[in-house]
Amino acid sequence: MERIAVIILVDSRGWVLLQERDEFAPRAPNQWGMVGGHVEDGEDFDTAAYRELEEETGLTPPVGSLQLWQAGEFQYSDVDAPFSYHVYVGATAATDADIVVGEGRRIVFVEPATVPSLDKAESCAHFVPAFLASPDYRSMLEA
């Protein structure tokens, strides 16, 4: 089973970090998705989450600052086998100006009210609204 580690960072406004994928993306080209990707052979999910975040955004949060929010299988509509997903979340003081785009068209903090109108990858459409509706997200806003 393919293993995927993705990250949802929340900035001081409560906006969430998302990636607008470009036309070269192997999955969900030209759609919005979460930062992250495949866990490499011999790598654990935690290590992959920090590596993917740094590779795609240039951000290097301290180890332990990302928390596992959900772990489980996710099934894409066009693939026979499910993927094993680990979704990490974390608060950040970073802004759009701190992001160095390593993959995709752009990576920016998105206002939660605009998330429903975005053309989202299936995994993003599944996980991000659920996170925004969760007590975990609300507790990050209160911190």
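Only a predicted model underlies this, so the values are computations on that prediction, with no experimental measurement involved.

Topic: the pairing of strand E1 (residues 3-10)
- Within E1, 7 of the 8 residues are buried, which leaves the element mostly enclosed by the surrounding structure.
- Pairing analysis gives 8 bridges linking E1 to strand E6 (residues 83-91), with the strands arranged parallel. In the sheet register, Ala5 faces E6, and the bridge partner there is His86.
- One ladder, built from 4 bridges, connects E1 with strand E4 (residues 35-38); its direction is antiparallel. For Val6, the partnering residue across the bridge sits in E4 and is Gly36.

Observations regarding the pattern of salt bridges
- The full count for this structure, using the stated rule, is 8 salt bridges.
- A salt bridge links Glu23 to Arg105; the nearest nitrogen and oxygen atoms lie 3.1 Å apart. With Glu23 in the loop between strand E2 (16-20) and strand E3 (32-33) and Arg105 in the loop between E6 and strand E7 (106-110), the pair connects residues that are 82 residues apart, well separated along the chain.
- Residue classification places Arg105 among the partly exposed positions, given a relative accessible area of 40%.

Focus: the packing of aromatic side chains
- All chains considered together, the criterion is met by 8 aromatic pairs.
- Aromatic side chains Phe74 and Phe127 sit 5.7 Å apart centroid to centroid with 50 degrees between the ring planes, which places their arrangement in the tilted category. Placement of Phe74 in strand E5 (residues 67-74) and of Phe127 in helix H2 (residues 122-132) is noted, with a sequence separation of 53 residues between them. An identical accessibility class is assigned to Phe74 and Phe127; each is buried.
- Members of the aromatic cluster, each reached through a chain of ring pairs, are Phe74, Tyr76, Phe83, Tyr85 and Phe127.

Digging into the environment of Glu122
- Considering the arrangement of structural elements, one finds Glu122 in helix H2.
- Using a relative accessible area of 33% as the deciding quantity, one classes Glu122 as partly exposed.
- As for Glu122 and Arg138, which are separated by 16 residues in sequence, their C-alpha atoms are 23 Å apart.
- Excluding residues within four positions of it along the chain, Glu122 makes contact with Phe74, Tyr76, Ser77 and Asp78.

Considerations on the environment of Glu111
- By the element assignment, Glu111 lies in the loop between E7 and H2.
- Assessed through its relative accessible area of 36%, Glu111 is described here as partly exposed.
- Taking the C-alpha atoms as reference points, Glu111 and Trp15, 96 residues apart in sequence, are found 4.7 Å from one another.

Reading the values: the criteria
Residues numbered from 1 in each chain as written. Predicted model: local features only at pLDDT ≥ 70, side-chain atom pairs only at ≥ 80, totals over all residues. Heavy atoms only, no water. Buried < 20%, exposed > 50% of the residue type's maximum accessible area, 1.4 Å probe, protein only. Helix = DSSP H or I, 4+ residues; strand = E, 2+ residues; numbered from the N terminus. Pairing = 2+ DSSP bridges. Salt bridge = Lys/Arg side-chain N within 4 Å of Asp/Glu carboxyl O. Phe/Tyr/Trp six-rings, centres within 6.5 Å; stacked < 30°, edge-to-face > 60°. Contact = heavy atoms within 4.5 Å.

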